[in-house]
Each structure stands twice: as structure tokens, then as C-alpha cells.
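Structural characterization, general
Below are the chains, spelled out letter by letter.
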Amino acid sequence: MNKALTIAGSDSGGGAGIQADLKTFQELEVFGMSALTAVTAQNTLGVHGVYPMTAEAVIEQMKAIGEDMGTDAVKTGMLFNAEIIEAVSVNLTKYHWDNVVVDPVMIAKGGASLLKMEAISAMQKFLMPLAKVVTPNIPEAEVLTGMSIRTAEDKQEAAKKLHALGVQNVVLKGGHDENPSESTDLLFDGKEFYTFTSKRIPTKNTHGTGCTFSAAITAELARGADVYQAVIKAKDFIQAAIEDGIAIGQGHGPTNHGAYRKRIMEMVQS
């Protein structure tokens, strides 16, 4: 059984954070484990409170996994502050976990800050050099690179800057593209650029898309896929999840983590 560990915050609404990660791992037939960095009081309307764990608590959770079960891949999500980022980075190295996907979670769907701004430099200095893949959206990439991203050329330049931080592969997500009909993700492996374009779905039920996408990449890496293959699978997974989104709550409903598997089953049965 392949294993994947998510180091992230909890979403009480179940659409993002470790809840989304663990659902995604399960759907892609990977055994999911977690190290909790913070508890959020959150629903489809937004984040109403953030209660971080201590760095020591995060370290002990990673130790519990590292000294017993181990893992085939790791995803980091909401890390909240510089102390937690440094602790996570030290322990990723300690346990020789090199299949690392960094989702640099900074701002929630409703606009709430999920990362202390003084932690940005810690993420750049300590965590980015350990990442096999980093998956920022455009606003996150703008913060990490200090540049405005509007055009395809801007995306490529930002990807190069992120790669220069030590990241092996950059996946710059296109959900914030200005194109109303399409969304294009960009993969840069240090040598070549690859683009992945999908139809934009007119829906407000997009809570947890970033978490789910990066978790799907993590699951595929845990199963032995290369980065290019993992991104293709993750794109298919998140596209199905958005297209069959779940209309619950009064705000941004969650994506449907079971949609991809359901479609595969229907194809097999037909």
C-alpha cells in the first residue's frame, strides 16, 4: 500500500485542508496520514477563526510517522507561520522525505489570511529548496516572486524565478487567469515548459480546489508516477471534481472528491 502524508490545517467545513487531502488520497488508492498545523473554524462562507498548533506538536506528529510507517510522498499545505515552516523543513530532511509537494497556501477563498506575511521568507529559504513540486496559484506566485503576472510570458518568468529558489518542478495554476472560457496551468521542470488547458466551469462550488489538486499530484507521486504524469492525472481529477461540484452551504461549496472515480467506474461498466 502506497502512503502519503499531508502536513496542513484542518477545515471544519470539510472542503479543503487535510479533509480534502485525505479524501483525495483515498479516492486515488493511497493510504493517507496527516500532521495537523492548525485548526480553522471554517465553512463555505469563509474562515471564522484560525488556531495554530505549536511547532513542537507538528514535529511530534511527523516523528510519529517517520519512526513507524514512513511515507512515499508528502504534501504541505497551510503552515501558518515561520516557526512551523522551519520545523517542517528540518524534519523533511531528517526523515529523507524527498517526494515533497508544496502548496503555498496563503489566502482562503473568502480572503482570510492563512499565512503570516513574515513567514514568506522562511518558505522561500527553507521549504522551497526541498520541493519536488510547488503548486502556487497566480496571487501566491506574485507574492513569492515579487512580480505581477498577467500574460503567458509573465507565467514563464515567474516559474523560472520559483525554480531558482531550488524547486525542482513548478506548476503555476491558471485558475486566476483572465480568460473567461479556459484555465491554463503551466509546468516548468527547469528545462521545458508544458501547458495544460481545461474548460472553465461556471460555478461557485470551488472551495478546496487548490488543496485537492496538489493532493492528487502527491498521491500519484506516492504511486510512482513522474511529475508530468502526476499533473495530468491531477488535472483530470480536479476537473471532474469541479464539474460535479457539491452545492451545499450558502457560499463557495466544495468540489466533489468522488467524481473522478465515479466516472472511471461508469466507463468500465459501459
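Here we summarise the structure given alongside this text. Predicted model, so just to flag it, every value in this text is computed and none were measured.

1. Re the pattern of salt bridges
Within this structure, the stated rule accounts for eleven salt bridges. For K3, the salt bridge goes to D72, with nearest N and O atoms at 4.0 Å. In this pair, K3 is assigned in strand β1 (residues 3-11) and D72 in the loop between α2 (55-66) and β4 (73-76), connecting sequence segments 69 residues apart. Judged by relative accessible area, K3 falls into the buried class, the value being 19%. Classification of D72 as partly exposed rests on a relative accessible area of 31%. Salt bridges sharing partners connect three or more residues here, namely E29, E220, R223 and K233.

2. Re the packing of helix α5 (residues 138-145) against helix α6 (residues 152-163)
Between α5 and α6, the shortest axis-to-axis distance is 10 Å and the interhelical angle comes to 55 degrees. The angle between α5 and α6 falls in the class oblique. You can see that α5 and α6 cross each other, and the crossing is left-handed. Between α5, through I138, A141, L144 and T145, and α6, the contact on the second element is made entirely by K155, A158, K161 and L162.

3. With respect to the sheet that holds strand β5 (residues 100-102)
Backbone-to-backbone hydrogen bonds pair the strands of a sheet. The strands run either parallel or antiparallel. The strand order β3-β2-β1-β4-β5-β6-β7-β8-β9 describes an open sheet built from nine strands, whose pairing is mixed. Two strands lie at the open edges of the sheet, namely β3 (46-52) and β9 (193-199), each paired on one side alone. Of the strand pairs in this sheet, strand β6 (residues 133-134) and strand β7 (residues 169-172) are connected by two bridges, and their pairing is parallel. Its bridge partner being in β7, V133 is matched across the sheet by N169.

4. Section: the packing of aromatic side chains
Following the criterion strictly, the structure yields five aromatic pairs and no others. Centroid distance Y194 to Y228: 5.3 Å. Interplanar angle 65 degrees. Geometry classified as edge-to-face. With Y194 in strand β9 and Y228 in helix α8 (residues 227-243), this residue pair connects regions lying 34 residues apart in the sequence. Note on F237 and Y260: the rings are 5.7 Å apart at their centroids and 45 degrees apart in plane angle, and the pair reads as tilted. Taken together, the positions of F237 in helix α8 and Y260 in helix α9 (residues 259-269) put the pair 23 residues apart, joining distant regions of the chain. Note on accessibility: F237 and Y260 belong to one class, buried. Here a set of aromatic residues connected by ring pairs shows up, and it is made of Y194, F196 and Y228.

5. Side note on the pairing of strand β2 (residues 31-43)
The pairing of β1 with β2 spans nine bridges and is classified as parallel. Across the sheet, the residue bridging to I7 is A35, located in β2. Chirality of the crossover, the property in question, places the unit of β1, helix α1 (residues 17-27) and β2 among those that are right-handed. Relative to β3, β2 is paired through six bridges, and the arrangement is antiparallel. Of the residues in β3, the one forming a bridge with N43 is G46. The antiparallel pairing of β2 with β3 creates a hairpin that spans two residues between the two strands.

Cut-offs and rules
Residues numbered from 1 in each chain as written. Predicted model: local features only at pLDDT ≥ 70, side-chain atom pairs only at ≥ 80, totals over all residues. Heavy atoms only, no water. Salt bridge = Lys/Arg side-chain N within 4 Å of Asp/Glu carboxyl O. Helix = DSSP H or I, 4+ residues; strand = E, 2+ residues; numbered from the N terminus. Buried < 20%, exposed > 50% of the residue type's maximum accessible area, 1.4 Å probe, protein only. Axes fitted to C-alpha atoms, helices over the stretch in contact; angles between N-to-C directions. Parallel < 35°, antiparallel > 145°, perpendicular 65-115°, else oblique. Left-handed = near helix turned anticlockwise from the far one by under 90°. Contact = heavy atoms within 4.5 Å. Pairing = 2+ DSSP bridges. Phe/Tyr/Trp six-rings, centres within 6.5 Å; stacked < 30°, edge-to-face > 60°. Right-handed = clockwise from strand over helix to strand, strands pointing away.

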